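Residue-level structure breakdown
These are the residues of each chain, in order.
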Amino acid sequence: NYSVNELNGKSDLLFIIEDIDGIDFVCVVSTNFDNKSMIVKCVDGSENLSYKNRTLKIDSVYLEDNVVGVKKALADNFNFLVDKYIILDKESLKNVLSLFDGFSVNVLKDVNHKSYDFNLTLTKGKQELSPDMTYRYLQISDNNTRESIICDIIKSVLVAPYAEKSENLFTSFVNSCETDISVIDYAESAERLYIY
């Protein structure tokens, strides 16, 4: 049995969630295994960051310089040194979430969302959400709420029952997205990521 207590070093993992115009939002999961801490930071595609002595929306940085630009902007503005990246469009994000049975999410406040795309009603408090409801909750949330949801997703998936299926989950995951996480990266750290 392994635990995160046996891991060391630091890792900044970048998630880019695309929409038809560019970026919906980006998320960095910054883990410091030495300090036993994790920070999740979300930035909307429309958020302005300083980049190459200019102020640009992160979406514009992505259109200009792709992942390399986003990594540089996040390093310059937030001191994140991204190791690996994952790019998902909204459909891919939905597919990745659907690889899991559901998520134990702390809904920060009552939600009563109605739109042309979907309706979502949630009561404040900790509860089990389906992959689809979790996806919808992410879509309508501000960055602070997204950060909380992503922390809850991470806690929900880094558990023993998924360790047995981790190879299949990883294969499905990499087939759903664009990433520079290799099979070797996965093999070197997979067993150590699950909390028993």
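None of these values were measured; they are calculated from a predicted model.

**Points about the overall build of the protein**
What the protein contains, in helices and strands, is seven helices and eleven strands. When each of the 196 residues of the protein is scored for burial, the buried share is 44%. Taking the contacts inside the protein whose residues are at least 6 apart along the sequence as the reference set, 55% of them involve residues at least 24 apart. Approximately 10700 Å² of the protein is accessible, and the part contributed by carbon and sulfur atoms is 48%.

**A few points about the pairing of strand S7 (residues 103-107)**
Burial runs high along S7: four of the five residues are buried. Both S7 and strand S10 (residues 125-129) contribute to a ladder of five bridges, which runs antiparallel. Within S10, the residue paired with asparagine 106 across the bridge is lysine 126.

**Here we look at the confidence of the model for the protein**
Counting all residues, the mean pLDDT for the protein is 87, and 89% of those residues have values of 70 or more. Here helix H7 (residues 183-189) stands out as the element of the protein with the lowest mean pLDDT, 68, in contrast to S10, whose mean of 97 is the highest.

**Comments concerning the packing of helix H3 (residues 131-140) against helix H4 (residues 143-157)**
Contact geometry of H3 with H4 gives a least axis separation of 8 Å together with a crossing angle of 155 degrees. It follows that H3 is roughly antiparallel to H4 by the angle criterion. The handedness of the crossing between H3 and H4 comes out as left-handed. Of the residues in H4, those touching H3 at Thr134, Tyr137, Leu138 and Gln139 are Thr145, Arg146, Ile149, Ile150 and Ile153. Here the contact of H3 with H4 is built from residues that sort into five nonpolar, three polar and one charged.

**Comments concerning the sheet that holds strand S2 (residues 22-32)**
Spatial strand order, S3-S2-S1-S6-S11: five strands in an open sheet with mixed pairing. Two strands close off the open sheet at either side, each with one partner strand: strand S3 (37-44) and strand S11 (178-179). For S2 and S3, the ladder comprises eight bridges, and the chain directions are antiparallel. Bridge assignment links phenylalanine 25 to a residue of S3, and that residue is aspartate 44. Sheet strands touched by helix H2 (residues 90-97): strand S1 (10-19), S2 and strand S6 (84-89). Its angle to S6, the strand with the most contacts, is close to 105 degrees.

**A look at the pattern of salt bridges**
Under the definition given, this model contains eight salt bridges. Across the pair aspartate 44 and arginine 146 runs a salt bridge, and its minimum N-O distance is 2.8 Å. Within this pair, whereas aspartate 44 is found in strand S3, its partner arginine 146 is found in helix H4, the two being separated by 102 residues in sequence. As a salt-bridge pair, lysine 52 and aspartate 65 come within 2.8 Å of each other at their nearest N and O atoms. Of this pair, lysine 52 sits in the loop between strand S4 (48-51) and strand S5 (54-57) while aspartate 65 sits in helix H1 (residues 58-78), and the two are 13 residues apart along the sequence.

**Quick word on the layout of surface pockets**
Any space left empty among the atoms is revealed by the rolling of a water-sized probe across them. As a volume, the second largest pocket reaches approximately 180 Å³. Those elements giving two or more residues to the lining of the second largest pocket turn out to be H2 and H3. In terms of residue class, the lining of the second largest pocket is made up of two nonpolar, one polar and five charged.

**Some thoughts on the environment of aspartate 24**
Relative to the helices and strands, aspartate 24 resides in strand S2. Along the sequence, aspartate 24 and valine 43 sit 19 residues apart, while their C-alpha atoms lie 8.9 Å from each other. Discounting chain neighbours no more than four positions away, the residues touching aspartate 24 are Ile17, Glu18, Asp19, Asp44, Gly45, Lys90, Gln139 and Arg146.

Quick notes on the rules
Residues numbered from 1 in each chain as written. Predicted model: local features only at pLDDT ≥ 70, side-chain atom pairs only at ≥ 80, totals over all residues. Heavy atoms only, no water. Helix = DSSP H or I, 4+ residues; strand = E, 2+ residues; numbered from the N terminus. Buried < 20%, exposed > 50% of the residue type's maximum accessible area, 1.4 Å probe, protein only. Contact = heavy atoms within 4.5 Å. Areas by Shrake-Rupley, 256 points an atom, 1.4 Å probe, with all protein chains shown as cover. Pairing = 2+ DSSP bridges. pLDDT = per-residue confidence, 0-100. Axes fitted to C-alpha atoms, helices over the stretch in contact; angles between N-to-C directions. Parallel < 35°, antiparallel > 145°, perpendicular 65-115°, else oblique. Left-handed = near helix turned anticlockwise from the far one by under 90°. Nonpolar A, V, L, I, M, F, W, Y, C, P; charged D, E, K, R; others polar. Salt bridge = Lys/Arg side-chain N within 4 Å of Asp/Glu carboxyl O. 1 Å grid on protein atoms, 1.4 Å probe; cavity = no way out; pocket = protein on both sides within 12 Å on 5 of 7 lines; lining within 4 Å. Points joined across faces, edges and corners; volume = space filled by probe spheres on them.

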